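Chain residues, written in single-letter form:
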Amino acid sequence: MEDKVMLLILYASQTGNAMDAAERLGREAERRGCPVAVLSTDQFDASTLPDEKIKVFVVSTTGQGDPPDSLKVFWRKLLQRNLAKDWLEGVNYALFGLGDSGYQKYNFVAKKLDKRLSDLGATALIERGLGDDQHPSGYEGALDPWMSSLWNTLYEKNPKLFPKGPGFLIPNMEFMDKPKMQVVYHEADKVASHYSNNADLKFIEMQIERARSMSPGQLYHEKNRPDCFLKMTKNHPLTVAGCGKDVHHFEFEPRSSIIEYEVGDVLEILPGQSPAAIDAFIQRCNLNPDAYITVHPWGTENHLLDSKVPIKLRTFVEFTMDVASASPRRYFFEVMSYFASAQHEKERLQYFASPEGRDDLYQYNQKERRTVLEVLEDFPSVQMPFEWLVQLVPPLKTRAFSISSSHSVHPNQVHLTVSVVSWTTPFKRKRTGLCSAWLAGLDPQSSTGVNIPAWFNKGSLLSLPPSLPLILVGPGTGCAPFRGFVEERALQSKSGPTAPALFFFGCRNEDNDFLYKDFWFSHSQNGGVLSEDRGGGFYVAFSRDQPNKVYVQHKIREHSNRVWNLLCEGAAIYVAGSSTKMPADVMSAFEEIISKESGVSREAAVGWIRALEKAGKYYVEAWS
């Protein structure tokens, strides 16, 4: 009997976007009668790649061109030197990448994977697709046309994948998945032994760990239990009110346990959601906040029921489901259409979920940053089962911030420099960032009972020995990690010699948003670690204090000779701040200086920078 033909879709996702895209491809394949398997790359044995003759890859690019965690083992297998150039001969593949063209290494992982598969003898079925977060419709702007080409090409390559013919398509309203997650309800008196009304830190820690370990939004070995709980001890505005920027300096102390970190590390915070928003969501969805539940993938209930301790439904929503900040994805609208009892709502939701309605959905949803709660309130006839809500409501994510203090200088504290995110939508609706606005609204005096769940992680800016010269570039809140670097190097200079450090800072106006002005000046004068008489320097670009805008790259060029001298002494370059144009403009300035000062070609200067990157002496930590 002939083996059944199946399409294999492999995805590598860090935040969930690539997984969403892969699952959508899987649903669309099934609607066309094509048997399909959708797997994460860390669930697939890469050594069997030659056995799967047709496969589709969906991969995202994270950070500064980094692969998702789930791709790393798979990628190492592909890079093995003993693999023959014809190892994947006869294998056909299609590849779709997800990235953000605001970053220098846009879709870098997809491009590298495409080249490596080709080098090993595999044949691309169609040109790779590259989704861009900057596109008006996000990555789906490229996914829709790419997917249309994919089905036609796959049918031509292997008609057996579509046994009912190329024109077969189950209408959306007749094709309904079942939810991936199952919610089990437990009787209150049977779980009382696992539960208490205790509000101590250990109990809250367990609640967070239980809730987040059951959430479908937890990807790839995330730590569910917080490293510690913090209390805010200082909330100080760094900018002048009404200047267009709202940046705060926060100081925290641990509630329990000792905190440990190094300069360059990152603090992740789980933001608090509005209790009123949580209550409104629960009421809108007709849920019982006091019900005890466990959540698990379908088919795993038998061996997981004993290991998962039930928690209250409200607790699960509070710690895992972003109900009043993040916008839902397109599939949310498609599933809503199945549960709409009002015909006009059903038709509108079907239109939003269709390729024809993609741009209008973008205007309604992403552009206006509609929240899940707002969308549900706009379609009052929709009553979605809680299992679907658990799967489709965006997960409540931790927010990562560069630490702006030195643990050696502040042994029982951690400091953050945070820009409070706020904007106005096209329909003049005020929006704010969930975590930054929550932190800015905390009063250290009256919020003493607020426990802030926190995790410490390594950043991309590594701590370096005091003997290494530094060139630091950090406009705006990009200065945050370098405040810690300078604090640490100043402390080191008291006990021994330290290498020079140059720091290029940028802001709009000297009077409005010159962050930590006194701090920088104190270390750039009188023999401080940033002083010119110690071979260093502190230079500021005020972009709006004169007719012509001046940015950090202009200041770098202005001090070309100092930069070149430090590079010749083996300096490391650290760049932090906005991911849009700044990192590329700064790199271009360094390339120009190397070319000019050394007399080499621009191509050779680019090679010099690449060599610095490989040697771990050119780091970029950027955020959008």
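(A) Structural view of the overall build of the protein chain. On a plain count of helices and strands, the protein chain comes out with 21 helices and 22 strands. Summarising its shape, the C-alpha atoms of the protein chain cover approximately 80 × 65 × 45 Å along the three principal directions. Residues counted as buried form 55% of the 624 residues belonging to the protein chain. For the protein chain, the computed accessible surface area is about 27700 Å², with 50% contributed by carbon and sulfur atoms. Between the mean site of the 69 positive side-chain charges and the mean site of the 75 negative ones, the protein chain shows a separation of 2 Å.

(B) Representation of the sheet that holds strand β17 (residues 452-457) in the model. Across the sheet, which stays open at both edges, the 6 strands sit in the order β13-β10-β17-β8-β9-β14 with antiparallel pairing between neighbours. Looking along the sheet, the strands with just one partner apiece sit at the ends: β13 (399-402) and β14 (414-419). Within this sheet the neighbouring strands show an average axis-to-axis angle of 40°, counted without direction.

(C) Fine view of the pattern of salt bridges. Evaluation of the coordinates by the stated rule reveals 34 salt bridges. Among the salt bridges present, the one from R330 reaches D144, with a minimum N-O distance of 3.1 Å. In this pair, R330 is assigned in helix α10 (residues 330-338) and D144 in helix α4 (residues 140-157), connecting sequence segments 186 residues apart. Note on accessibility: R330 and D144 belong to one class, buried. Across the pair D227 and K223 runs a salt bridge, and its minimum N-O distance is 3.1 Å. The structure contains a network of salt bridges with shared partners spanning R24, E140, D144, R330, R358 and D359.

(D) Highlighting the sheet that holds strand β22 (residues 618-623). The sheet built from 5 strands is open, its strands ordered β20-β19-β18-β21-β22 with parallel pairing. With partners counted over all chains shown, the strands left at the sheet margins are β20 (537-542) and β22, one partner each. In this sheet, neighbouring strand axes are inclined to one another by 10° on average, regardless of whether the strands run parallel or antiparallel. Direction of pairing for strand β18 (residues 470-473) relative to strand β19 (residues 501-507): parallel, over a ladder of 4 bridges. The residue of β19 that forms the bridge with I471 is L502. Against the sheet, helix α20 (residues 582-598) touches β18, β21 (572-578) and β22, its axis set at about 150° to β21.

(E) Broad picture of the pairing of β19. Counting buried positions along β19 yields 7 of 7 residues, so the element is predominantly enclosed. Alternating residues of β19 divide into A501, F503, F505 and C507 and L502, F504 and G506, and every residue in both groups is buried. Since β18 and β19 lie parallel, the crossover through helix α16 (residues 480-493) that links them has a hand, and here it is right-handed. In this sheet, β20 lies alongside β19 in parallel orientation, the contact comprising 6 bridges. Bridged to F503 within β20 is F538. A crossover connection joins β19 to the parallel β20 through helix α17 (residues 517-524); in handedness this β-α-β unit is right-handed.

What counts as what
In this numbering scheme, every chain counts its residues from 1 along its sequence in written order. Only residues with pLDDT of 70 or above have their local features reported here, since the model is predicted, and side-chain atom pairs are shown and tallied only from 80 upward, although totals for entire chains, interfaces and linings are computed over all residues. Hydrogens and waters are ignored; side-chain quantities use all the structure's heavy atoms. The helix count covers DSSP runs of H or I at least four residues long, the strand count covers runs of E at least two residues long, and both are numbered beginning at the N terminus. Throughout this description, buried means an accessible area under 20% of the type-specific maximum (1.4 Å probe, protein chains only), exposed means over 50%, and partly exposed covers the range between. Surface accessibility follows the Shrake-Rupley procedure with a 1.4 Å probe radius. Residue values consider only the protein chains on display as shielding. A residue counts as positive if it is Lys or Arg and as negative if it is Asp or Glu; His and the chain ends are not included. Lys charges are placed at NZ, Arg charges at CZ, Asp charges at CG and Glu charges at CD. Two strands form a pair only when DSSP identifies at least two bridges running between them. Axes, fitted as lines to C-alpha atoms, cover a helix only where it is in contact. Angles between the N-to-C directions of the axes lie from 0 to 180 degrees. A side-chain nitrogen of Lys or Arg and a carboxyl oxygen of Asp or Glu constitute a salt bridge if their distance falls within 4 Å. What makes two residues a contact is simply this: any of their non-hydrogen atoms within 4.5 Å. The crossover handedness rule: strands pointing away from the viewer, path from first strand over the helix to second strand clockwise, crossover right-handed.

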